[in-house]
Amino acid sequence: MALPLDGVRVLAVEQYGAGPFGTQFLADQGAEVIKIENPNDGGDFARAIGPYFFTPEDSEFFHAYNRNKKSLTIDLSKPEGMAVFHDMVKTADAVASNLRGDVPDKLGLTYDVLKDINPKIVCAHLSAYGRTGPRADWPGFDYLMQAEAGYFSLTGEPDGQPTRFGLSVVDQMTGLALAYAVLAGITGARATGQGRDLDVSLFDVALCNLGYPALWYLNEGHVTEREERSGHPSLTPCALYKTADGWIFIMCNKEKFWPALCEALGRADWLADQRFADFKGRLEHRALIQDMLDEALSAKNTAAWLEVFAGKVPAAPINNIQQALENPFVKDEGRLQSLELEGHGTYRAIDAPVKCDEPTPANPAPRLGQDTEALLTDLGYDNARLAALKDGGVI
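Summary of the structure given here.

Analysis parameters
- Residues numbered from 1 in each chain as written.
- Predicted model: local features only at pLDDT ≥ 70, side-chain atom pairs only at ≥ 80, totals over all residues.
- Heavy atoms only, no water.
- Helix = DSSP H or I, 4+ residues; strand = E, 2+ residues; numbered from the N terminus.
- Contact = heavy atoms within 4.5 Å.
- Axes fitted to C-alpha atoms, helices over the stretch in contact; angles between N-to-C directions.
- Parallel < 35°, antiparallel > 145°, perpendicular 65-115°, else oblique.
- Left-handed = near helix turned anticlockwise from the far one by under 90°.
- Nonpolar A, V, L, I, M, F, W, Y, C, P; charged D, E, K, R; others polar.
- Buried < 20%, exposed > 50% of the residue type's maximum accessible area, 1.4 Å probe, protein only.
- Pairing = 2+ DSSP bridges.
- 1 Å grid on protein atoms, 1.4 Å probe; cavity = no way out; pocket = protein on both sides within 12 Å on 5 of 7 lines; lining within 4 Å.
- Points joined across faces, edges and corners; volume = space filled by probe spheres on them.
- Patch = residues over 30% accessible without salt bridge, like charges linked within 9 Å, V, L, I, M, F, W, Y side chains within 5 Å.
- Areas by Shrake-Rupley, 256 points an atom, 1.4 Å probe, with all protein chains shown as cover.
- Salt bridge = Lys/Arg side-chain N within 4 Å of Asp/Glu carboxyl O.
- Phe/Tyr/Trp six-rings, centres within 6.5 Å; stacked < 30°, edge-to-face > 60°.
- Lys NZ or Arg CZ within 6 Å of the ring centre and 35° of its normal.

**Section: the side chain of His-232**
Thought 1: Checked against the element boundaries, His-232 lands in the loop between helix 9 (211-220) and strand 9 (238-243).
Thought 2: With near-sequence residues (within four places) excluded, His-232 lies in contact with Tyr-212, Glu-227, Cys-238, Asn-253 and Arg-286.

**What to know about the packing of helix 1 (residues 18-28) against helix 7 (residues 169-192)**
Thought 1: Where helix 1 contacts helix 7, the axes come no closer than 7 Å and their chain directions differ by 50°. In this view, helix 1 runs oblique relative to helix 7, as classed from their interaxial angle. Once helix 1 is placed against helix 7, the crossing between them reads as right-handed. Contacts between helix 1 and helix 7 involve Ala-18, Gly-19, Phe-21, Gly-22, Thr-23, Phe-25 and Leu-26 from the first element and Asp-171, Gln-172, Gly-175, Leu-176, Leu-178, Ala-179, Val-182 and Leu-183 from the second.
Thought 2: Taken together, the residues of the contact of helix 1 with helix 7 break down into nine nonpolar, five polar and one charged.

**A short note on the pairing of strand 2 (residues 32-37)**
Thought 1: Judged by how many residues are buried, strand 2 sits mostly within the fold: six of six residues are covered.
Thought 2: Judged by which residues are buried, strand 2 turns out to be covered on both faces: Glu-32, Ile-34 and Ile-36 on one side and Val-33, Lys-35 and Glu-37 on the other are all buried.
Thought 3: With four bridges connecting them, strand 1 (residues 9-13) and strand 2 associate as parallel partners. Residue pairing in the sheet places Leu-11 in a bridge with Ile-34 of strand 2.

**Here we look at the sheet that holds strand 1**
Thought 1: Sheet architecture is open: six strands sit in the order 5-2-1-6-7-8, paired in parallel fashion. One side of each edge strand has no neighbouring strand; the edge strands of this open sheet are strand 5 (69-73) and strand 8 (196-201). Sheet twist, expressed as the average angle between the axes of neighbouring strands with direction ignored, equals 20°.
Thought 2: Looking at chain direction, strand 7 (residues 122-127) and strand 8 are connected through six bridges and run parallel.

**So, empty space enclosed by the protein**
Thought 1: Counted according to the given criterion, the structure contains one cavity of 30 Å³ or more.
Thought 2: Roughly 40 Å³ of volume is contained in the largest cavity.
Thought 3: In this structure, the largest cavity is lined by Glu-228, Thr-236, Pro-237, Cys-238, Ala-239, Tyr-241, Arg-286 and Gln-290.
Thought 4: With three residues, strand 9 is the single largest residue contributor to the lining of the largest cavity.

**Structural notes on a nonpolar patch on the surface**
Thought 1: A surface patch of nonpolar side chains, amounting to about 340 Å² of accessible area, comprises Tyr-217, Leu-218 and Val-223.
Thought 2: Mapped onto the secondary structure, Val-223 falls in the loop between helix 9 and strand 9.

**Digging into the pattern of salt bridges**
Thought 1: In total, this model carries 25 salt bridges according to the counting rule given.
Thought 2: Linking Asp-87 and Lys-90 is a salt bridge whose minimum nitrogen-to-oxygen distance equals 3.4 Å.
Thought 3: You can call Asp-87 buried: its relative accessible area is 19%.
Thought 4: The residue Asp-351 makes a salt bridge to Lys-355 at a minimum N-O spacing of 3.4 Å.
Thought 5: Classification of Asp-351 by relative accessible area gives buried; the value is 16%.
Thought 6: Among the ionic contacts, a cluster of salt bridges with common partners joins Glu-14, Lys-35, Asp-44 and Lys-69.

**Observations concerning the packing of aromatic side chains**
Aromatic ring pairs are reported here in terms of the distance separating the ring centres and the angle at which the planes meet.
Thought 1: For the structure shown, the criterion picks out 13 aromatic pairs.
Thought 2: Taken together, a centroid distance of 6.3 Å and an interplanar angle of 85° make the contact between Tyr-16 and Phe-141 edge-to-face. Taken together, the positions of Tyr-16 in the loop between strand 1 and helix 1 and Phe-141 in the loop between strand 7 and helix 6 (142-148) put the pair 125 residues apart, joining distant regions of the chain.
Thought 3: Three or more aromatic residues joined by ring pairs make a cluster, and in this case those are Tyr-16, Phe-21, Phe-25, Phe-45, Phe-61, Tyr-65 and Phe-141.
Thought 4: One cation-aromatic arrangement involves Arg-335 over Phe-329; the distance from NZ or CZ to the ring centre is 4.1 Å.
Thought 5: Directly above the aromatic system of Tyr-381 lies the positively charged group of Arg-385, at a separation of 3.8 Å from the ring centroid.

**Comments concerning the pairing of strand 6 (residues 94-98)**
Thought 1: Within strand 6, five of the five residues are buried, leaving the element largely enclosed by the surrounding structure.
Thought 2: Of the two faces of strand 6, the one lined by Ala-94, Ala-96 and Asn-98 and the one lined by Val-95 and Ser-97 are each fully buried.
Thought 3: Of the pairings in the sheet, the one linking strand 1 to strand 6 comprises four bridges and is parallel in character. Across the sheet, the residue bridging to Val-10 is Ala-94, located in strand 6.
Thought 4: Relative to strand 7, strand 6 runs parallel, the two being bridged by five bridges. Each residue of the ladder has a partner; that of Asn-98, found in strand 7, is Leu-126.

**What about the sheet that holds strand 11 (residues 315-317)?**
Pairing between the strands of a sheet comes from backbone hydrogen bonds, and it takes one of two forms, parallel or antiparallel.
Thought 1: Spatially, 9-10-11 is the arrangement adopted by the three strands of the open sheet, whose pairing is antiparallel. In the strand order of this sheet, the two ends are held by strand 9 and strand 11, each with one partner. Strand-to-strand twist in this sheet, taken as the mean axis angle between neighbours without regard to direction, amounts to 30°.
Thought 2: Looking at chain direction, strand 9 and strand 10 (residues 246-251) are connected through six bridges and run antiparallel. In the sheet register, Leu-240 faces strand 10, and the bridge partner there is Phe-249.
Thought 3: Packing against the sheet, helix 14 (residues 302-309) makes contact with strand 9, strand 10 and strand 11, and its axis sits at approximately 25° to strand 10.

These values are about where atoms sit, not about what they do.
This is the structure we're talking about:
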């Protein structure tokens, strides 16, 4: 069977992390994602990001976000390059970009410019702060969004310094929003025959992710703050607790899990205690419950408790990156992928999280411009025209 997005063509004017992360989701499901890269500046600058490289031309950072894609080199700053791009637009379903907010209009990557070439084209734009407004020409990055949208105030211990989330969560969530925008736009275009512009920004996604703490402030004036041991602001037990050899995270986020925890610990007396009868009571006695659980859980190590809780009480170990990736649930259950890279051999990566009845394609990230001649030949460009474009630094 074909993959779900087989037959969808996306031109990706993208760089670094957020946009490529999103379009990789499309490529993993069978879309033909064609990276548009400048032949005169080394292409996507993520190709040069270290510290680790499979080969001198193959940054592992770049490979993390660009598998299953093609690379087409075009200098969009030249009229001849834009003419080539327009020929590609005629064949495409969408143009996905992640650029500074004022750049898509300057380059002509908007629906208003491209609709006469392809009325069904979807133009999905990812920027830092949006394409309009006072920050349209501002550069912006993940950690800045975390800082301004309040994440630093929610991460870490209450008496600690402001702390960012440990991963580029805003970049990657915004990449997913870009992929969603592309698919939403294509769905509409196929139904109506008309494309459109769709916009996502790092700032808006960071703000959107505030979720229920945002509603609590906007409607109740409540400012959510950091909780001790990374606890949940309103649910208990839901935090780190001490074991004989370290820590365990327990999440009794439904009423049924408190009785299950009491039973697993052999503490029927806790279950009978009316102070802990519901979420409200347990929240009021959060500190007491923390002390009770620390004492009870210190009787065994974390691994032993995970065996006791398995399938009954939501719990997890506190792993570092090595432990997370060496986890048998990761290694033995098909969550890693092996890819073959010319000049290097086999390398491993995390498989796509969206599963279907076909395996994820396993094509490594493309070398700069590796598909240029094939793609343009398919458009009808002959050898003489290709040679002229190369000589002019257009492709």
